[in-house]
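The chain contents come next:
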Amino acid sequence: MSVSTVAAAPSVCAPLPVLGRDVTVPLVTGGEVTYAALDYAASAPALQRVWDDVAAYAPYYGSVHRGAGYLSQLSTDLFENSRRTVAEFLDCREGDQVVFTRSTTDSLNLLAAALPAGCRVFVFETEHHASLLPWRGAQVTYLDAPRSPRDAVETLERALADRTVPTEGGHGPALVCVTGASNVTGELWPVRELTAAAHAHGARIVLDAAQLAPHHQVSVADLDVDWVAFSGHKLYAPFGSGVLAGRADWLRAAEPYLAGGGASRKVGRREDGGVDVEWHDSAARHEAGSPNVIGAYALASACKALTEAGFDTLVAREQYLVRAVRDGLAGVPEVRFLSLFGDEAPRVGVLSFVVEGWNSSHFAAALSAEYGIGVRDGLFCAHPLLRTLLGSDPQAQGECGAPEAAPGEKSLNAIRVSFGAGTPDEHVERFVRAVKELVADGAKWNYRTEDGRCVPDTSA
């Protein structure tokens, strides 16, 4: 039985259909408008294709790896076929494992728990907290923010070359963690060059592809990375799914990420009253408990939809939208885009900026309340990077500063606009128009801080 559907590849000017494209929201100034979802970097809307596939499967939902009944058999096949689909989407090598997790954060914490003893970890301060923070049990070297792709490679090479060499033997195990595309600036990182540098110094590398996989084709084999991690909710798939894919050896040697049913092959009592456990050495070793089969299937459906649409087509349209934002706001001197590698650096559909004279939380609140546009404001779970980009020159304090911020950091925040395969041209056009109007004329409404958020003041 097949519960899949086939989506037609769109033209360069047509977005892929997503849920919520016709949702209307109220404006504080009166009336309603179709919601412009421009916060894809946090969570992309679900593709209509994904929702339809899940709805077709839902009546056949059953336990996975647990039952002899028809629905259980069907669900098990669906789950394992989803694993194969993800492996094909990532162009995994023979012998690589695909482990289903809850998210990128979960995936990287799983890998952190599987590090061999004495492993050194190297990570740039520019990483999202999901890839910056999981390595608490290892010796971590945090690398300064680079200002060019070449600087990034040279910084990593120096750090790896300076590793302490044990008296006996060579280097111990080492892992480099790097993003594929920044969740703050959208800039593409030199993954292939960083991988070559890591391997040349005897280190392995894991790619945080949370922001890269929804926008560009990711080939594990071509990039030669050891592992890749990404999230379904950024890949147009709901239901809390994620993936860690790559080399099997460290994962097989590690204790299970969670102990329980599914991870164990055989369990028996010992004469001394204890328990002997034989763990699986497949991906199941780190997938204890009943798996999120709907989440895995949704993620696989999104992989198929993006592949069928064609990444060349998706990238071309996204770059058109990036240029529309950059060119549309080029004549507004109050707007300053944030960048590590320069304004012309290749990037995905993620742009962060500040507006002179505005607190970013205030500006974002006005975009939502007065124009029906959803963007993100704050530090984007990348605090060290934002402090690098803004710390020496925070914009003037405005309304709705962050009350919990440290002294001197009340206005240390930015605005992020992000889009992708489901973004209509009109949403980007409305955003550019709204930014220009707010800069020129100011907000039409008064705002106040409530529970740390800037909100329209409706007390009058």
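Residues numbered from 1 in each chain as written. Predicted model: local features only at pLDDT ≥ 70, side-chain atom pairs only at ≥ 80, totals over all residues. Heavy atoms only, no water.

Enquirer: Whenever I open this one, the sheet that holds strand β13 (residues 335-337) confuses me. Can you help?
Expert: Two strands in a sheet stick together by hydrogen bonds in their backbones, pointing the same way (parallel) or opposite ways (antiparallel). Here four strands make up an open sheet; going across it, the order is β13-β14-β17-β16 and the pairing antiparallel. Both outer strands of the open sheet, β13 and β16 (376-378), are each paired with one neighbouring strand and no more. Across the sheet, the mean angle from the axis of one strand to that of its neighbour is 30°, orientation sign disregarded. Against the sheet, helix α11 (residues 360-371) contacts β14 (350-355), β16 and β17 (414-418), and its axis sits at roughly 115° relative to β14. (Pairing = 2+ DSSP bridges. Helix = DSSP H or I, 4+ residues; strand = E, 2+ residues; numbered from the N terminus. Axes fitted to C-alpha atoms, helices over the stretch in contact; angles between N-to-C directions. Contact = heavy atoms within 4.5 Å.)

Enquirer: Explain the sheet that holds strand β5 (residues 120-124) here, please?
Expert: The strand order across the open sheet built from seven strands is β4-β10-β9-β8-β7-β5-β6, with neighbouring strands paired in mixed fashion. The sheet is open, and its two borders are formed by β4 (97-101) and β6 (139-143), each paired with just one other strand. On average, each strand axis in the sheet is tilted by 20° relative to the strand beside it, whichever way the strands run. As paired elements, β5 and strand β7 (residues 174-179) share four bridges and run parallel to each other. Across the sheet, the residue bridging to Val121 is Leu175, located in β7.

Enquirer: Looking at this structure, I do not really get the pairing of strand β19 (residues 453-456). What am I missing?
Expert: Side chains on a regular strand alternate between the two faces of the sheet. Direction of pairing for strand β18 (residues 447-450) relative to β19: antiparallel, over a ladder of four bridges. Directly across from Thr449, in β19, lies its bridge partner Cys454. The loop that links β18 with its antiparallel partner β19 comprises two residues; one of these, Asp451, has a positive phi angle of about 55°.

Enquirer: Would you mind showing me how to read the environment of Asp272 here?
Expert: With respect to the helices, strands and loops of the structure, Asp272 is situated in the loop between β11 (264-269) and β12 (275-279). With 137 residues separating them along the chain, Asp272 and Trp135 place their C-alpha atoms 36 Å apart. Among the polar contacts made by the side chain of Asp272, one reaches the side chain of Arg270 at a distance of 3.1 Å. For Asp272, the side chain forms a polar contact with the main-chain nitrogen of Gly274, separated by 2.9 Å. (Polar contact = N/O pair within 3.5 Å; in protein donor to acceptor, adjacent residues only side chain to side chain.)

Enquirer: What is the right way to look at the pattern of salt bridges in this model?
Expert: Should their charged atoms come close, side chains of opposite charge can pair. Applying the stated rule across the entire model yields 21 salt bridges. For Arg326, the salt bridge is made with Asp343, and the minimal N-O distance between the two is 3.4 Å. Here the residue Arg326 occupies a position in helix α10 (residues 311-328), and Asp343 occupies one in the loop between β13 and β14, the gap between them amounting to 17 residues. Residue classification places Asp343 among the partly exposed positions, given a relative accessible area of 43%. A network of salt bridges, in which partner residues are shared, links Asp39, Arg376 and Arg416. (Salt bridge = Lys/Arg side-chain N within 4 Å of Asp/Glu carboxyl O. Buried < 20%, exposed > 50% of the residue type's maximum accessible area, 1.4 Å probe, protein only.)

Enquirer: When you look at the nonpolar core in this model, what are you seeing that I'm missing?
Expert: Within soluble globular proteins, side chains that are nonpolar tend to cluster in buried spots. One finds Val86, Leu90, Leu156, Leu194, Leu207, Phe230 and Val243 to be the most contacted residues of the largest nonpolar core, which totals 83 residues. The element contributing the most residues to this core is helix α9 (residues 293-309), with 10 residues. Beyond its immediate stretch of four places on either side in the chain, Leu194 contacts Phe124, Ala152, Val153, Leu156, Val178, Trp189 and Ile205. One finds Ala36, Phe363, Ala369 and Ala434 within the second-largest nonpolar core, a separate group that totals 33 residues. (Core = buried A, V, L, I, M, F, W, Y, C linked by side-chain atoms within 4.5 Å.)

Enquirer: Any chance you could explain the packing of helix α1 (residues 48-57) against α9 here in plain terms?
Expert: Geometry of a packed helix pair, given as the angle between the helix axes and the separation of the axes. At a closest axis distance of 9 Å, the pairing of α1 and α9 adopts a crossing angle of 140°. As summarised for this structure, α1 and α9 are arranged oblique, according to the angle between their axes. Between α1 and α9 lies a crossing of right-handed hand. Residues Arg49, Val50, Asp53, Val54 and Tyr57 of α1 form the contact with α9, whose own contacting residues are Val293, Ile294, Tyr297, Ala298, Ser301, Ala302, Lys304, Ala305 and Glu308. (Parallel < 35°, antiparallel > 145°, perpendicular 65-115°, else oblique. Left-handed = near helix turned anticlockwise from the far one by under 90°.)

Enquirer: Even after reading the chapter, I still don't get the packing of aromatic side chains, so can you show me in this structure?
Expert: Here the distance between the centres and the angle between the planes together describe a pair of aromatic rings. For the structure shown, the criterion picks out 14 aromatic pairs. Relative to Trp250, the ring of Trp227 lies with its centre 5.2 Å away and its plane at 35°, an arrangement referred to as tilted. Placement of the pair is Trp227 in strand β9 (residues 227-231) and Trp250 in helix α8 (residues 249-253), with a sequence separation of 23 residues. Aromatic pair Phe353 and Phe363: ring centres 6.5 Å apart, planes at 90°, arrangement edge-to-face. (Phe/Tyr/Trp six-rings, centres within 6.5 Å; stacked < 30°, edge-to-face > 60°.)

Enquirer: Would you take a moment to explain the side chain of His129 for this structure?
Expert: Here His129 is to be found in helix α4 (residues 129-132). Judged by its relative accessible area of 18%, His129 falls in the buried class. For His129, the side chain forms a polar contact with the main-chain nitrogen of His383, separated by 3.1 Å. Excluding residues that lie within four positions of it along the chain, His129 makes contacts with Pro134, Cys381, Ala382, His383 and Pro384.

Enquirer: Sorry if this is basic, but what is going on with empty space enclosed by the protein here?
Expert: Following the criterion strictly, the structure yields two cavities of 30 Å³ or more and no others. Its boundaries defined by the atoms lining it, the second largest cavity holds a volume of some 40 Å³. For the second largest cavity, the full set of lining residues is Tyr40, Ala41, Ala44, Gln211, Pro214, His215, Lys234 and Tyr236. Counted by class, the lining of the second largest cavity contains five nonpolar, two polar and one charged residues. (1 Å grid on protein atoms, 1.4 Å probe; cavity = no way out; pocket = protein on both sides within 12 Å on 5 of 7 lines; lining within 4 Å. Points joined across faces, edges and corners; volume = space filled by probe spheres on them. Nonpolar A, V, L, I, M, F, W, Y, C, P; charged D, E, K, R; others polar.)

Enquirer: So what exactly am I meant to see when it comes to the packing of α10 against helix α13 (residues 425-441) here?
Expert: Close contact between α10 and α13 brings their axes to 10 Å; oriented N to C, the two are set at 15°. In terms of orientation, α10 and α13 fall into the roughly parallel class. Relative to α13, α10 is oriented so that their crossing is right-handed. Facing Arg317, Tyr320, Leu321, Ala324, Val325 and Gly328 of α10, the residues of α13 in contact are Asp425, Val428, Phe431, Val432 and Lys436. Here the residues of the contact of α10 with α13 sort into seven nonpolar, one polar and three charged.

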